[in-house]
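This is what each chain is made of:
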Amino acid sequence: QVQLVESGGGLVQAGGSLRLSCVVSGGTFRRYAMGWFRQAPGKEREFVAAINWIGGITNYVDSVKGRFTISRDNGKNTVYLQMNSLKPEDTAVYYCAADDRTGVPSSDESKYDYWGQGTQVTVSS
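Please read all numbers here as calculations on a predicted model, not as lab measurements.

Asks: Hey, could you run me through the nonpolar core in this one?
Replies: Generally speaking, a soluble globular protein has its nonpolar side chains buried in company with each other. The biggest cluster of nonpolar side chains holds 29 residues, and the ones touching the most others in it are Met34, Trp36, Leu81, Met83 and Tyr94. When contributions to this core are tallied by element, the ones reaching two or more residues are strand S3 (18–25), strand S4 (33–39), strand S5 (46–51), strand S7 (68–73), strand S8 (78–83), strand S9 (92–99) and strand S11 (119–124). If sequence neighbours within four positions are ignored, Tyr94 has contacts with Glu6, Leu20, Trp36, Phe37, Arg38, Val48, Phe68, Leu81, Met83, Gly118, Thr119 and Val121. Counting five residues, the second-largest nonpolar core is a separate cluster that includes Phe37, Phe47, Ala50 and Tyr112.

This is the structure we're talking about:
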């Protein structure tokens, strides 16, 4: 049973930073491409960032480029999302996801096999 557990969310002022973590257990983490998605109130879930199995290839939605950085530590079975210069529009529940099939850092959520429960990020203005 593969489990993903996110942490690191919270309340921060605009311009501040947070680092999200997602620990994966029960599977072979180093094989997975990993992604971060988010869902704001009243909106559909959207892609934020993804990273391939070894960490050499990343993919970001345009709205976070230059502000967010995705990384991974295969020795700790953990993927991170460093979020800087946060804006109120970044407020959402953030989910991590694991792709056990393609290894490609895709923005398509249908490519992901396992999902975490989410962590709330709230950015005040």
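Asks: What is the right way to read the sheet that holds strand S1 (residues 3–7) from this model?
Replies: Each strand in a sheet pairs with its neighbour through backbone hydrogen bonds, running either in the same direction (parallel) or in the opposite one (antiparallel). The antiparallel open sheet is built from four strands, whose spatial order is S1-S3-S8-S7. Of all the strands in the sheet, just S1 and S7 have a single pairing partner and so form its edges. In this sheet, adjacent strand axes meet at a mean angle of 15 degrees when their direction is disregarded. The pairing of S3 with S8 spans six bridges and is antiparallel. Residue pairing across strands places Arg19 opposite Gln82, the latter belonging to S8.

Asks: Would you mind going over unusual backbone geometry with me for this structure?
Replies: With the exception of glycine, most residues fall at negative phi, and the peptide bonds are largely trans. A positive phi angle, close to 55 degrees, is found at Asn77, a residue other than glycine. With respect to the helices and strands, Asn77 occurs in the loop between S7 and S8. Not every positive phi belongs to a glycine, and Ser85 is a case in point at roughly 50 degrees. Among the structural elements, Ser85 can be located in the loop between S8 and S9.

Asks: Where do I start with the state of the cysteines in this structure?
Replies: Note on terminology: a disulfide is the covalent bond linking the sulfur atoms of two cysteines. Under the defined criterion, the tally for this structure stands at one disulfide. Sulfur-sulfur distance for the disulfide between Cys22 and Cys96 comes to 1.9 Å. The sign of the 45 degrees torsion about the S-S bond sets the Cys22-Cys96 disulfide as right-handed. Placement of Cys22 in strand S3 and of Cys96 in strand S9 is noted, with a sequence separation of 74 residues between them. The exposure class assigned to Cys22 is buried, which follows from its relative accessible area of 0%. For Cys96, a relative accessible area of 0% corresponds to the buried category.

Asks: Explain the packing of aromatic side chains here, please?
Replies: Aromatic ring pairs are reported here in terms of the distance separating the ring centres and the angle at which the planes meet. A complete count under the given rule lists five aromatic pairs for this structure. Seen from their ring centres, Phe37 and Trp115 are 5.0 Å apart, and the 55 degrees between their planes marks the pair as tilted. Here Phe37, found in strand S4, pairs with Trp115, found in strand S10 (residues 114–115); they are 78 residues apart in sequence, far enough to count as distant. A centroid spacing of 6.2 Å and a plane angle of 65 degrees characterise the contact between Tyr112 and Trp115, whose relative ring orientation is edge-to-face. In this structure Tyr112 comes out as buried when scored by relative accessible area, which is 5%. Taken together through their ring pairs, the aromatic side chains of Phe37, Phe47, Tyr112 and Trp115 make up a single cluster. In this arrangement the basic side chain of Arg45 is found over the ring face of Tyr95, its NZ or CZ atom lying 5.4 Å from the centre. Across from the ring centre of Phe29, 4.4 Å away, lies the NZ or CZ of Arg72, which sits over that ring.

Rules used in this analysis
Residues numbered from 1 in each chain as written. Predicted model: local features only at pLDDT ≥ 70, side-chain atom pairs only at ≥ 80, totals over all residues. Heavy atoms only, no water. Core = buried A, V, L, I, M, F, W, Y, C linked by side-chain atoms within 4.5 Å. Buried < 20%, exposed > 50% of the residue type's maximum accessible area, 1.4 Å probe, protein only. Helix = DSSP H or I, 4+ residues; strand = E, 2+ residues; numbered from the N terminus. Contact = heavy atoms within 4.5 Å. Pairing = 2+ DSSP bridges. Axes fitted to C-alpha atoms, helices over the stretch in contact; angles between N-to-C directions. Disulfide = S-S within 2.5 Å. Phe/Tyr/Trp six-rings, centres within 6.5 Å; stacked < 30°, edge-to-face > 60°. Lys NZ or Arg CZ within 6 Å of the ring centre and 35° of its normal.

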